[in-house]
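The residues making up each chain are set out below.
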Amino acid sequence: MTDDPPLTWRGLQATTSARIGLPRAGNTISGAAVREFQYAHVRARHAVSATLDTSRLNLPQPPIAVESRARDREEYVRRPDLGRQLSDGSRESLPHGRYDVVFVIADGLSALAAQQQGPAVLAAVMPLLAGWRIAPLVVAHRARVALGDEIATGLGARCVVMMIGERPGLRCAESMSLYMTWNPRIGTRDSGRNCISNIHGHGGLSAMAAANSLAWLLKTARMRNYSGVDLKDETCTIGQTVRPDLHKMLSDKSGK
Amino acid sequence: MSYHAVLGGEKFCFSSLKQVLAYASPYRSGDELAGVAAPDPLLRIGAREALANIPLRTFLNEVPVPYETDEVTRLIIDSHDATAFAPVAHMTVGDLRDWLLDHEIDGATLAALAPGLTAEMVAAVSKLMRNQDLVAVARKITVRTAFRNTQGLPGRMGSRLQPNHPVDSLPGIAASMLDGLLLGVGDAVVGINPASDNMANAGDIVHMLEDVRVRYDIPIQTCLLTHVTNTLRLMERNAPVDLVFQSISGTQDANAGFGISLSVLSEAYMASQSLGRGTVGTNTMYFETGQGSALSANAHHGMDQQTAEVRAYAVARAFSPLLVNTVVGFIGPEYLYDGRQIIRAGLEDHFCGKLMGLPMGCDVCYTNHAEADQDDMDNLMMLLCTAGINFLIAVPGSDDIMLNYQSLSYHDIQTLRSLFGVRAAPEFEAWLVARELVDAKGRMRINPPGLFSGMIPCND
């Protein structure tokens, strides 16, 4: 692509979904591109208000359904503190046992992402975890990442993997993140988690690649008995583990 | 200690300085979430009256987070410069507000004052200022920094080029970088938020940025916005690191939530200084902050989010950064609900950063679950430009496809240059001219991508 044929915006646009090479009007962007942007913005706003439909997950067995203390989507957006706590009824619905890991499919800020990517990642990672004691699958409504800590505590799991919808973007409103936390407890800091983000079908990370990275993280965390910033991803492939910084974990990118 | 004010015969009482500060803050969702907002608008005005009458000296004795248990408080108190403070030592917060706006108080006076002001004093005075006051005083202040070009000169405004990609594809990142350079963006920094923090991937990105910079001899600095401990490893491996990035917050606990402390920042600062890669200056640190970060980590200690934010600036100024920016609308509507709150916070953060002596920039931005749109961003970018901001962040077509939020477009930087006459850093501007990317009127040409065809790596 360097010399021949010459670089064109059309060619470059194949390398990224970023809005590069936009036609201009004076200093600014042409009207058609501005209107397309406004359309995408409204669509993303609609995705925020969508709810998670468990029946569309096509799961082999019915999951345990839990919800946070946020009563509706609007309260969920305004009150992250409520989204991090289980409702009273949900707390009682978790059967206590002894598990290595619990997987939670959670709506976060894009129920559609969790619906599309959650079952696919789950199916891909299960064969990689032979010998692990895996808790019954949990589906969480109006959930923030930290809700997983309480879920794991209730179930008696040593690790929780939150599979949660990221906040919708203009190019992709169906992107999911995985947050893996070893020894989760209520009040676990974000620096104690590892994240695999941007799992989606519009040029993002594939479910298979995400599952491979997740399996590596899980096995390494089990070996070292910790997760978080001290668990550096030194695998050779693109591993998608994310450190906490303002542009990542602190943010509510994934409905934290 | 308790404080009070009397308005219209009604007495308003406050239990602590922290409560006066919180109640005096303009309404925002994050303070309500934290349970520290004024329960009633009248109490807010009462708190402002009480705050106006509090002597600045009080802030040296009553701290919002205990000195014994918080290293940010210790930094603030231990680094306070009594000599610099002397000109305002007799004033109340209300006096300081009027003094800052006085015609006779110029930028040099304010620069000399900065080490004498604590974060809490600066937060306090901002709460007594209207939006136009925040603009007018910030505009007086010049904060000049330099690495491979000079940022913060009068009449200049830098820009960060942010070419993120959802899977860190090198050709994809390079394509977005090319687009930005052809639109004259990137003098403050070409800074990438990696989707992955895989160390090999990080090294690949840093090397690609360096290759492009060297190949086209561009007087810019590059940065991979990864955790400071990752950047330390990159430096150990002799990767070409220009700037060390880190997100920071205003309390020790909140910083622990980021996995950092003042000592690890010091270690990274020393390591970056030893590299000697700057050509016209030695500022090597880049920090991001944002109202709500302390609350998000449940480490706000009962402070309002704006006071906690200014304490992050106290952390930043200990390391003579090249760049600092608030990510104002990024953290979400639970902290800043709508365009009105985002705009106010952006002006506060810029003003407070400048008064603290920082090279303050801003990511003018919002998320898709906030009640805001690009019109709000247009307003904020023009206000900040009027306020003399050091730099703004821009992404292709306003859409960050990796972080899923909206910032400014590269084009918006051109709009601001044209509307307000603000120019890029002189070294970068000279490069744009030498490469014939601008026309005789100083406008960016419609530059075809083929001008820098060697910028795009052949494969991942």
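Residues numbered from 1 in each chain as written. Chains lettered and ligands numbered in written order. Predicted model: local features only at pLDDT ≥ 70, side-chain atom pairs only at ≥ 80, totals over all residues. Heavy atoms only, no water.

Re the overall build of chain B
Next, step 1: Of the regular secondary structure elements, chain B holds 21 helices and 15 strands.
Next, step 2: Against the globule reference of 23 Å for 460 residues, chain B gives a C-alpha radius of gyration of 22 Å, in line with a compact fold.
Next, step 3: Summarising its shape, the C-alpha atoms of chain B cover approximately 75 × 45 × 45 Å along the three principal directions.
Next, step 4: Counting all 460 residues of chain B, 69% fall into the buried class.
Next, step 5: Restricting the contact set of chain B to residue pairs at least 6 apart, pairs at least 24 apart contribute 78%.
Next, step 6: Summing over all exposed atoms, chain B offers an accessible surface of approximately 14,200 Å²; the carbon and sulfur share of this is 50%. (Helix = DSSP H or I, 4+ residues; strand = E, 2+ residues; numbered from the N terminus. Rg over C-alpha atoms; globule rule 2.2 N^0.38 Å. Buried < 20%, exposed > 50% of the residue type's maximum accessible area, 1.4 Å probe, protein only. Contact = heavy atoms within 4.5 Å. Areas by Shrake-Rupley, 256 points an atom, 1.4 Å probe, with all protein chains shown as cover.)

Details of the overall build of chain A
Next, step 1: Along chain A, the regular secondary structure elements total eight helices and nine strands.
Next, step 2: Taking all contacts inside chain A whose residues are at least 6 apart in sequence as the whole, residues at least 24 apart take part in 69%.
Next, step 3: With an accessible surface of roughly 10,200 Å², chain A has 52% of that area assigned to carbon and sulfur atoms.

Some remarks on the UniProt feature "binding site: adenosylcob(III)alamin" (unreviewed entry) in chain A
Residues and elements named next belong to chain A.
Next, step 1: Here the UniProt-annotated "binding site: adenosylcob(III)alamin" (unreviewed entry) positions come out as V145, E166 and C195. In summary, the annotated positions, though distributed over 51 residues, converge in three dimensions, the widest C-alpha pair being only 11.7 Å.
Next, step 2: Within the secondary structure, E166 is located in the loop between β6 (159–165) and β7 (176–182).
Next, step 3: Among the polar contacts listed, one links the side chain of E166 to the side chain of S177, at a separation of 2.5 Å.
Next, step 4: Position of C195 among the secondary structure elements: in strand β8 (residues 193–199). (UniProt positions renumbered as here; feature names shortened; annotations may be inferred. Polar contact = N/O pair within 3.5 Å; in protein donor to acceptor, adjacent residues only side chain to side chain.)

Quick word on the pattern of salt bridges
Next, step 1: This model, assessed by the stated rule, comprises 29 salt bridges over all chains.
Next, step 2: Of the charged contacts in the structure, one is a salt bridge between R78(A) and E74(A), with a shortest N-O distance of 3.2 Å. Here E74(A) and R78(A) lie together in helix α3 (residues 73–78), a separation of four residues that amounts to about one turn.
Next, step 3: Judged by relative accessible area, which is 29%, R78(A) ranks as partly exposed.
Next, step 4: With relative accessibility at 48%, the residue E74(A) sits in the partly exposed group.
Next, step 5: Among the salt bridges present, the one from R311(B) reaches E120(B), with a minimum N-O distance of 2.9 Å. On the criterion of sequence distance, the pair formed by R311(B) in helix α17 (residues 305–317) and E120(B) in helix α9 (residues 119–126) is long-range, its members being 191 residues apart. Pair check on accessibility: R311(B) and E120(B) agree, each one buried.
Next, step 6: A cluster of three or more residues bridged by salt bridges with shared partners is formed by R148(B), E210(B), R213(B), D242(B) and R277(B). (Salt bridge = Lys/Arg side-chain N within 4 Å of Asp/Glu carboxyl O.)

Some thoughts on the packing of aromatic side chains
Next, step 1: Across all of its chains, the model carries ten aromatic pairs over all chains by this definition.
Next, step 2: With a centroid separation of 6.4 Å and an interplanar angle of 75 degrees, the aromatic rings of Y286(B) and F391(B) are classed as edge-to-face. Here the residue Y286(B) occupies a position in strand β9 (residues 285–289), and F391(B) occupies one in strand β12 (residues 391–395), the gap between them amounting to 105 residues. Across this residue pair, the class does not change: Y286(B) and F391(B) are buried.
Next, step 3: An aromatic cluster of three or more residues is present, and its members are Y216(B), F428(B), W431(B) and F452(B).
Next, step 4: One residue, R167(A), lies across the ring of F330(B), its end atom 4.1 Å from the ring centre. (Phe/Tyr/Trp six-rings, centres within 6.5 Å; stacked < 30°, edge-to-face > 60°. Lys NZ or Arg CZ within 6 Å of the ring centre and 35° of its normal.)

Brief notes about the interface of chain A and chain B
Next, step 1: Contact with chain A, which involves 72 residues of that partner, is made by 86 residues of chain B.
Next, step 2: Taken over both partners, the interface formed by chain A and chain B buries close to 6,200 Å², and the fraction arising from carbon and sulfur atoms is 54%.
Next, step 3: Across the salt bridge formed by E334(B) and R144(A), the nearest N and O atoms sit 3.2 Å from each other.
Next, step 4: Linking chain A to chain B there are 16 residue pairs in polar contact (both at pLDDT 80 or more). (Buried area = accessible area lost by both parts, 1.4 Å probe.)

As for the UniProt feature "binding site: substrate" (unreviewed entry) in chain B
Residue and element names in this part refer to chain B.
Next, step 1: The sites that carry the UniProt feature "binding site: substrate" (unreviewed entry) are, in the present numbering, R160, L161, Q162, N193, E288 and D363.
Next, step 2: Tracing the backbone shows R160 in strand β5 (residues 158–161).
Next, step 3: For R160, a relative accessible area of 0% puts it in the buried group.
Next, step 4: Only 3.2 Å separates the side chain of R160 from the side chain of E288, close enough to count as a polar contact.
Next, step 5: Looking at where N193 falls in the secondary structure, it is placed in the loop between β6 (189–192) and α12 (199–215).
Next, step 6: Here N193 falls in the buried class, since its relative accessible area comes to 0%.

Considering the confidence of the model for chain A
Next, step 1: Mean pLDDT over chain A: 88, with 89% of residues reaching 70 or higher.
Next, step 2: Note that pLDDT drops below 50 for residues 236–256 of chain A; the model gives that stretch 125 contacts with residues more than four away or on any other chain. (pLDDT = per-residue confidence, 0-100.)

Quick look at the side chain of S175(A)
Next, step 1: Structurally, S175(A) is set in the loop between β6 and β7.
Next, step 2: The class of S175(A) is buried, set by a relative accessible area of 1%.
Next, step 3: Those residues in contact with S175(A), other than ones at most four positions away along the chain, are A113(A), I164(A), G165(A), E166(A), N198(A), I199(A), H200(A) and N404(B).

Things to note about the UniProt feature "binding site: adenosylcob(III)alamin" (unreviewed entry) in chain B
Residues and elements named next belong to chain B.
Next, step 1: Listed under "binding site: adenosylcob(III)alamin" (unreviewed entry) in the UniProt record, and renumbered for this structure, are P194, Q246, S296 and M402.
Next, step 2: Under the relative-accessibility criterion, P194 is labelled buried at 0%.
Next, step 3: Structurally, M402 can be placed in the loop between β13 (399–400) and β14 (405–406).

With respect to helix α1 (residues 17–24) of chain B
Residue and element names in this part refer to chain B.
Next, step 1: Within α1, six of the eight residues are buried, leaving the element largely enclosed by the surrounding structure.
Next, step 2: Three or more residues of α1 are buried, namely L17, V20, L21, A22, Y23 and A24.
Next, step 3: Tucked inside the fold, the buried residues of α1 contact β1 (3–7), β2 (10–14), α3 (41–52), α4 (58–61), α9 and α17.

Quick notes on the pairing of β8(A)
Residue and element names in this part refer to chain A.
Next, step 1: β8 sits mainly inside the fold: seven of its seven residues count as buried.
Next, step 2: Where β7 lies against β8, five bridges are found, and the strand directions are antiparallel. Bridged to M176 within β8 is I199. (Pairing = 2+ DSSP bridges.)

Topic: the nonpolar core
Next, step 1: Formed by 147 residues in total, the largest nonpolar core has its most connected members in L51(B), L100(B), F351(B) and L392(B).
Next, step 2: At eight residues, helix α11 (residues 170–182) of chain B tops the list of elements feeding residues into this core.
Next, step 3: Ranked by size, the runner-up nonpolar core spans 37 residues in total, among them V101(A), V139(A), M176(A) and A215(A). (Core = buried A, V, L, I, M, F, W, Y, C linked by side-chain atoms within 4.5 Å.)

What to know about the packing of α17(B) against helix α18 (residues 339–355) of chain B
All names here are of chain B.
Next, step 1: Viewed as axis vectors pointing N to C, α17 and α18 meet at an angle of 35 degrees, and their least axial separation amounts to 10 Å. The crossing of α17 and α18 is right-handed. Across from Q306, E309, V310 and Y313 in α17, the residues of α18 making contact are E348, D349, C352 and G353.
Next, step 2: Looking at side-chain class alone, the contact of α17 with α18 contains three nonpolar, two polar and three charged residues. (Axes fitted to C-alpha atoms, helices over the stretch in contact; angles between N-to-C directions. Left-handed = near helix turned anticlockwise from the far one by under 90°. Nonpolar A, V, L, I, M, F, W, Y, C, P; charged D, E, K, R; others polar.)

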